[in-house]
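Summary of structural features
Each chain is listed here by its residues.
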Amino acid sequence: QVQLVESGGGLVQPGGSLRLSCAASGSIFSIYGMGWYRRAPGKQRALVASITTSGSTFVADSVKGRFTISRDNAKNTVDLQMNTLKPEDTAVYYCNMYPPLANYWGQGTQVTVSS
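Residues numbered from 1 in each chain as written. Predicted model: local features only at pLDDT ≥ 70, side-chain atom pairs only at ≥ 80, totals over all residues. Heavy atoms only, no water.

**Considerations on the sheet that holds strand β1 (residues 3-7)**
Rules: When DSSP finds at least two bridges between two strands, those strands are taken to pair. Per the convention used, a helix needs a DSSP run of H or I reaching at least four residues, while a strand needs a run of E reaching at least two, with both numbered from the N terminus. Axes here refer to lines fitted to C-alpha atoms; in helices the fit is confined to the stretch in contact. Angles between the N-to-C directions go from 0 to 180 degrees.
If you trace the four strands from one edge of the open sheet to the other, you get β1-β3-β8-β7, paired in antiparallel fashion. Only two strands of the sheet have a single neighbouring strand rather than two, namely β1 and β7 (67-72). Put simply, the sheet's adjacent strands are angled 15 degrees from each other on average, direction ignored. Here β7 runs beside strand β8 (residues 77-82); their pairing, made up of six bridges, is antiparallel. From the neighbouring strand, Phe67 faces β8, where its bridge partner is Met82.

Here it is as C-alpha cells:
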C-alpha cells in the first residue's frame, strides 16, 4: 500500500513561487501515474497536473506555462513547481495517483496567494 504526504504550501504574494512535494511510502510508487489536484474555496477538487510513469506530463490550461510537475522514482516523490502565482491559485493542494484512488487522499497542503 502507498501512503502520500504533501508538503511545501504556505502564504505567498502574487507573482511568487512555491514548490510542493509529495512523498510516497511503499515500494510500488513507480508503477503509478501521479497527479496534483486542488480544491479552491467553494469549488470541486480538480486536476492541476499529472505525470505518467515514463514522465509524460499534462498541465491544466489554467496553470499552463506557470506550473511544472516532476517525479523522482528513486526517491518516491512527485513535485509541483508553481511560478507566477495568482490569487486564484489559492487552494488546498493534494497529490494522488492519476487517475486518483479514493483511499489515497491525504490532508493536502494549503496554498494561499495574497498580498
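**With respect to the environment of Tyr98**
Heads up, the condition is: Every residue pair with non-hydrogen atoms within 4.5 Å of one another is taken to be in contact.
Along the polypeptide, Tyr98 turns up in the loop between β9 (91-97) and β10 (109-113). A C-alpha to C-alpha distance of 6.6 Å links Tyr98 and Ser50, two positions 48 residues apart in sequence. Those residues in contact with Tyr98, other than ones at most four positions away along the chain, are Gly33, Met34, Gly35, Tyr37, Leu47 and Ser50.

**Considerations on the pattern of salt bridges**
Heads up, the rule is: Salt bridge, as applied in this entry: a Lys or Arg side-chain nitrogen positioned within 4 Å of an Asp or Glu carboxyl oxygen. Remark: exposure states derive from per-residue accessible area (1.4 Å probe, protein chains only) relative to the maximum for the residue type, with buried under 20%, exposed over 50%, and partly exposed in between.
Evaluated as defined, the whole model comprises four salt bridges. Asp79 is the salt-bridge partner of Arg19, the closest N and O atoms lying 3.3 Å from each other. On the criterion of sequence distance, the pair formed by Arg19 in strand β3 (residues 18-25) and Asp79 in strand β8 is long-range, its members being 60 residues apart. When its relative accessible area of 43% is taken as the criterion, Arg19 is described as partly exposed. Ionic pairing is found between Arg38 and Asp89, a salt bridge with its closest N-O pair at 3.0 Å. In this pair, Arg38 sits in strand β4 (residues 34-39) while Asp89 sits in the loop between β8 and β9, placing the two residues 51 residues apart along the sequence.

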